[in-house]
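# Structural features, examined
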Amino acid sequence: MEAQTLYEKLWSSHVVHQEADGTALIYIDRHLVHEVTSPQAFEGLKLAGRKPWRISSIVATADHNTPTDHWERGIEDPVSRQQVETLDANIREVGSLAYFPFRDERQGIVHVIGPENGATLPGMTVVCGDSHTSTHGAFGCLAHGIGTSEVEHVLATQCLLQKKSKTLLIKVEGQLGRGVTAKDIVLAIIGKIGTAGGTGYAMEFGGSAIRALSMEGRMTICNMAIEAGARAGMVGVDEITIAYLKGKPFAPTGEAWEQAVAYWRTLKTDDGAKFDKVVELDAASIQPQVTWGTSPEMVVTVSDRVPDPAQEPDPVKREGMERALKYMGLEANTPVAEIKVDQVFIGSCTNSRIEDLREAAAVARGRSKAANVRRVLVVPGSGLVKRQAEAEGLHEVFLAAGFEWREPGCSMCLAMNADRLEPGERCASTSNRNFEGRQGAGGRTHLVSPAMAAAAAVTGHFVDVRTLG
Amino acid sequence: MKPFKVLDGLVAPLDRANVDTDAIIPKQFLKSIKRSGFGPNAFDEWRYLDVGQPGQDNSTRPLNPDFVLNQPRYQGAQILLTRDNFGCGSSREHAPWALEDYGFRVLIGPSFADIFFNNSFKNGLLPIKLGADEVDELFRQCAASEGYRLTVDLAAQTITRPDGKAIAFEVDPFRKECLLNGWDDIGLTLRQADKIRAFEAQRRAEHPYYFA
């Protein structure tokens, strides 16, 4: 048989039907649901008199609108509350494999709870009305975000209409330097290929530096595939994948586990398989990254200066850079290390897992929030992450440093709840998007790793975390 | 879904790259549980001088005179000219809902983000990819003449300029058919229900652990 890429294996094992122009009907194994992109889909289903095709594919949670403090008060914003209660009612009516509602001990960000409960398994197609569904590709899945019409389509038919993507391999070889993390790898990738570099492609991450990462690190990288334009990111299955899944609540057990693992071990790109495009990065040369603008591709290393639009020959790009600098309140050629921050956010589906919190705590330990930093929010990705962190005493490290230790949720990644930046405030954030207004109208976001965010919190400005010792 | 056949529409230019879906419709408006009513908040942070909130009367809010869509000459525009990577970021279908509710039926640009591109077709909104030079020329012509209009014919796959030049564009045959007829994807897919059931039964037999 001809050598195949992981994407080709996943694609061909899910084609139900194919039209003459190549549009295919793809079977969906796992449907993750949250409160923001589902109400109109459930309503559409009901209006058309249709029933969900396979309830046991659904795993749901409320994460975007939920507060991260004072849970005893419930959800105080009535519009947010209505959206969460609408999800409660829809799941009550329709059913699901699992629902982790607001205040449930396993509630959390949908892209954190899927994997940690073993609801995301290698070889699955995984969809959710959320672009960061690419996260789940870390498990050797075909996972991507969909719109609400497609949420309704999956509910009604268990399938999606798709065209096969081209394939792109991002190969990261070598060993990462001390203090350099998965987040720095993915920001460096986006800096290299741009936010549209992966458009039309399914993106596989490979090479020795990716193989060396934990599942948390791989999830961080696949999470931001969409920020490079690729709907789906993925990593082949190996022993790290299998070890992570063993014993998870929805993972198979006994004989089924053995059968599953035998199949999962085949879920990697064959030697000699051809990709439509290959991009290579040298892990050893990647430095801690900091975004300076309003698109994730506007990124430099911490030892660089803010770029000068005058040096950019392309007029559309130059104008974009000028607009970004104005919005960000920055002057060209300012050293990144001189940029002071007002808030720090450690959380989001990119960086709120236990390993991320450990990295941040290692920097915060024995240090204190700088005087010019108004607030440092640490928001664990789920109830399970929160309890694990507390069992390790990480919350005490954060609290001793003057950071706030919150309840799980999406929080200030997109500021749909009360956690947000005030106009003009500057934030070091471990989230995934530095778009205008993303963390609050007029807010200014710089994307960094958890270690770099903690370093900014304790020094008050961006600093190379490796110099803190 | 509204069918799309031929549109003769006023053109508005949005001359910036990487317009993300957070900019098209900011997060506070995603709390709605409806599909309609997003038009007055399309491009909210660029369009108004204050910070918009859901449920507000938008007609009394201060408009940003510097935002291109607020210029009198572009009122009633149904065709939006864009730059590279329009619709990047979040998968929120509220973005095409907002654009459609605002009055746009066609978007023309050199490239679109994948999820946004797909979501647009589900809502009777036709995104058209043209070469960068063609798009540049449309921006130039649009700036040069007030009341600039284009005729978009989906069946013929052409955009006709006021100077008579017809520009051909590509569209997937399947998407074209659905849009021309205003077909509901779900109804079409359910015609394959037997195939889906057969596929599912076989998958369940081979990989029972995905069906636990």
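Up top is the structure.
Below you will find a few notes about this structure.

Reading the values: the criteria
Here the residue numbering is sequential within each chain, running from 1 through the sequence in written order. For naming, the first written chain is A and the first written ligand is 1, with later ones following in the order written. The predicted nature of this model means local features are confined to residues of pLDDT at least 70 and side-chain atom pairs, given and counted, to a pLDDT of 80 or more, with totals for whole chains, interfaces and linings taken over all residues. Excluded from the side-chain calculations are hydrogens and water; all other atoms, namely the structure's heavy atoms, are used. Put simply, DSSP marks the helices as runs of H or I at least four residues long and the strands as runs of E at least two long, and each gets a number from the N terminus on. A radius of gyration in this sense is built from C-alpha atoms; the matching globule rule multiplies 2.2 Å by the number of residues raised to 0.38. By definition in these notes, contact holds between two residues if any of their heavy atoms fall within 4.5 Å. Shrake-Rupley sampling with a 1.4 Å probe provides the accessible areas, and residues are treated as covered by the protein chains on show and by no other component. In summary, the charge assignment counts Lys and Arg as positive and Asp and Glu as negative, without counting His or the chain termini. Where a charge lies is defined by one atom per residue type, namely NZ (Lys), CZ (Arg), CG (Asp) and CD (Glu). The salt bridge definition used is simple: a Lys or Arg side-chain nitrogen within 4 Å of an Asp or Glu carboxyl oxygen. For every residue, the accessible area (1.4 Å probe, protein chains only) is compared with the maximum for its type, and the residue is labelled buried under 20%, exposed over 50%, or partly exposed between those bounds. Nitrogen and oxygen atoms within 3.5 Å of one another constitute a polar contact, given that in protein one can donate a hydrogen and the other can accept it, and given that sequence-neighbouring residues count only through two side-chain atoms. Only Phe, Tyr and Trp rings are paired, with Trp represented by its six-membered ring, and only when their centres lie within 6.5 Å; those with planes under 30 degrees apart are stacked, over 60 edge-to-face, the remainder tilted. As a reminder, the over-ring test applies to NZ of lysine and CZ of arginine, requiring each to be within 6 Å of the ring centre and within 35 degrees of the ring normal. The pairing criterion for strands is at least two bridges between them, as found by DSSP. A fitted line through C-alpha atoms represents every axis, and for helices the fit uses only the stretch in contact; the resulting angles, taken between N-to-C directions, go from 0 to 180 degrees. The scheme is simple: roughly parallel for angles under 35 degrees, roughly antiparallel for over 145, roughly perpendicular for 65 to 115, oblique for anything else. Should the near helix be turned anticlockwise from the far one by less than a right angle, the crossing is left-handed, and should it be turned clockwise, the crossing is right-handed. When residue character is reported, Ala, Val, Leu, Ile, Met, Phe, Trp, Tyr, Cys and Pro are called nonpolar, Asp, Glu, Lys and Arg charged, and the others, Gly included, polar. Taken from the helix axis, the directions to the C-beta atoms give the arc we talk about. The span one expects for a helix is its residue count, reduced by one, times 1.5 Å. Note on handedness: a clockwise path from strand one over the helix to strand two, with the strands aimed away from the viewer, defines a right-handed crossover. Accessible-area loss on putting two parts together, using a 1.4 Å probe and summing over both, is the definition of buried area adopted here.

Helix and strand counts for chain A come out as 15 helices and 19 strands. At 21 Å, chain A has a C-alpha radius of gyration in line with the 23 Å of a compact globule built from 469 residues. Dimensions along the principal axes, computed over C-alpha positions, put chain A at roughly 55 × 55 × 45 Å. Taking contacts inside chain A between residues at least 6 apart in sequence as the whole, the part at least 24 apart equals 76%. Only carbon and sulfur atoms are counted for the fraction: they give 49% of the accessible area of chain A, which is about 15,300 Å². On chain A, the mean spot of the 49 positive side-chain charges and the mean spot of the 58 negative ones are 1 Å from each other.

A side chain with one charge may pair with a side chain of the opposite charge, provided their charged atoms come close. All names here are of chain A. A full pass over the atoms with the stated rule returns 37 salt bridges over all chains. A salt bridge links Arg-211 to Asp-238; the shortest N-O distance between them is 3.1 Å. One end of the pair, Arg-211, is in helix H7 (residues 208–211); the other, Asp-238, is in the loop between strand S11 (232–234) and helix H9 (239–245), with 27 residues separating them in the sequence. Among the residues examined, Arg-211 registers a relative accessible area of 32% and is labelled partly exposed. Residue Asp-238 is classed as buried on the basis of its relative accessible area, which comes to 16%. Here the salt bridges share partners, and the residues they tie into one network are Asp-69, Glu-404, Arg-406 and Asp-419.

Attention shifts here to the side chain of B:Asp20. Residues and elements named next belong to chain B. Note that Asp-20 resides in the loop between strand S1 (6–13) and helix H1 (21–24). It turns out Asp-20 is buried and unbridged, and the closest side chain with the opposite charge, Arg-92, is 6.5 Å from it. Among the polar contacts listed, one links the side chain of Asp-20 to the backbone nitrogen of Ala-23, at a separation of 2.8 Å.

All names here are of chain B. Summarising the element assignment, Gly-76 is placed in the loop between helix H2 (44–47) and strand S2 (79–81). Given a relative accessible area of 57%, Gly-76 falls into the exposed group. C-alpha of Gly-76 to C-alpha of Val-11: the two residues are 65 residues apart in sequence and 8.8 Å apart in space.

What follows concerns the packing of aromatic side chains. All chains considered together, the criterion is met by 19 aromatic pairs over all chains. Between B:Tyr209 and B:Tyr210, the aromatic rings sit 4.8 Å apart at their centres with planes inclined by 70°, giving edge-to-face as the arrangement. There is no split in this pair, since B:Tyr209 and B:Tyr210 are both buried. A network of ring pairs unites the aromatic residues B:Phe86, B:Phe112, B:Phe116, B:Phe117 and B:Phe121 as a single cluster. For A:Lys248, the ring lying beneath its charged end belongs to A:Tyr244, and the centroid distance is 4.3 Å. Here the basic side chain of B:Arg83 rests over the ring of B:Phe139, its NZ or CZ set 4.0 Å away from the ring centre.

Once that is clear, we can look at the sheet that holds strand S15 (residues 343–346) of chain A. Residue and element names in this part refer to chain A. Spatial ordering of the open sheet is given by S17-S16-S15-S18-S19, a layout of five strands whose pairing is parallel. Looking along the sheet, the strands with just one partner apiece sit at the ends: strand S17 (404–405) and strand S19 (444–447). Direction of pairing for S15 relative to strand S18 (residues 426–429): parallel, over a ladder of three bridges. Residue pairing for S18: Val-344 is matched across the bridge by Ala-428. Its contacts with the sheet place helix H11 (residues 315–328) against S18 and S19, and it is angled at close to 110° to S19. Here helix H15 (residues 450–459) sits on the sheet in contact with S15, strand S16 (375–378) and S18, set at roughly 150° to S15.

Turning our attention to the packing of helix H12 (residues 354–364) of chain A against H15(A). Residue and element names in this part refer to chain A. For the pair H12 and H15, interaxial distance at closest approach is 8 Å and the crossing angle is 30°. If you check the angle between H12 and H15, you find them roughly parallel. Judged by the sense of rotation from one axis to the other, the crossing of H12 with H15 is right-handed. Side by side, H12 and H15 meet where Asp-356, Glu-359, Ala-360, Val-363 and Ala-364 of the first sit next to Pro-450, Ala-451, Ala-454, Ala-455 and Val-458 of the second. Its residues assigned to classes, the contact of H12 with H15 shows eight nonpolar, no polar and two charged.

Turning next to helix H10 (residues 254–264) of chain A. All names here are of chain A. Along H10, the positions that sit buried rather than exposed are Trp-257, Ala-260, Val-261, Tyr-263 and Trp-264. Burial along H10 is one-sided: seen end-on, the buried residues are contained in an arc of 160°. In H10, the exposed positions that point more than 90 degrees away from the buried face belong to Glu-255 and Glu-258. Elements that come into contact with the buried residues of H10 comprise H9.

Moving on, we get to helix H5 (residues 132–144) of chain B. All names here are of chain B. In this model, H5 (13 residues) spans 18 Å end to end at C-alpha, consistent with the 18 Å of a helix rising 1.5 Å per residue. Among the residues of H5, those classed as buried are Val-135, Leu-138, Phe-139, Gln-141 and Cys-142. Contacts made by the buried residues of H5 are with S1, S2, strand S3 (106–109), strand S5 (149–153) and strand S7 (166–168).

Moving on, we come to the side chain of A:Gln162. All names here are of chain A. Among the structural elements, Gln-162 can be located in strand S8 (residues 159–162). A polar contact is formed between the side chain of Gln-162 and the side chain of His-144, at a distance of 3.3 Å. In this structure, Gln-162 is in contact with Trp-11, Gly-22, Thr-23, Ala-24, Ile-26, His-144, Glu-150 and Arg-231, ignoring residues within four places of it in sequence.

It is worth spelling out the pairing of S3(B) at this point. All names here are of chain B. The side-chain alternation of S3 yields two buried faces, one formed by Val-106 and Ile-108 and the other by Leu-107 and Gly-109. Pairing of S2 with S3 involves three bridges; the strand directions are parallel. Within S3, the position partnered with Ile-79 by the bridge is Val-106. Each parallel crossover has a hand, and for S2 linked through helix H3 (residues 94–102) to S3 it is right-handed. Direction of pairing for S3 relative to strand S4 (residues 126–129): parallel, over a ladder of four bridges. Following the sheet pairing, Ile-108 is matched in S4 by Ile-128. The β-α-β motif built from S3, the intervening helix H4 (residues 114–121) and the parallel element S4 has right-handed crossover chirality.

Residues and elements named next belong to chain B. Ordered in space as S4-S3-S2-S1-S5-S6-S7, the seven strands form an open sheet in which the pairing is mixed. The open sheet terminates on both sides in strands that have one partner only, identified here as S4 and S7. Averaged over all neighbouring strand pairs, the angle between strand axes comes to 25°, with direction disregarded. Of the strand pairs in this sheet, S1 and S5 are connected by five bridges, and their pairing is antiparallel.

Another point: the interface of chain B and chain A. Opposite the 58 residues of chain B that make contact, chain A presents 79 residues. Across the interface of chain B and chain A, roughly 5,700 Å² is buried in total on both sides, 56% from carbon and sulfur atoms. Where chain B packs against chain A, one counts eight salt bridges. Taking the shortest distance from any N to any O, the salt bridge between A:Arg438 and B:Asp22 comes out at 2.9 Å. Between chain B and chain A we count 37 residue pairs in polar contact (both at pLDDT 80 or more) in total. Every element with two or more residues in the side of chain B that touches chain A is listed here: H2, H3, H4, helix H6 (173–181), helix H7 (185–190) and helix H8 (193–206) of chain B. Considering each element in turn, the side of chain B that touches chain A owes the most residues, nine residues, to H8(B). Of the residues belonging to the side of chain B that touches chain A, the class tally is 21 nonpolar, 14 polar and 23 charged.

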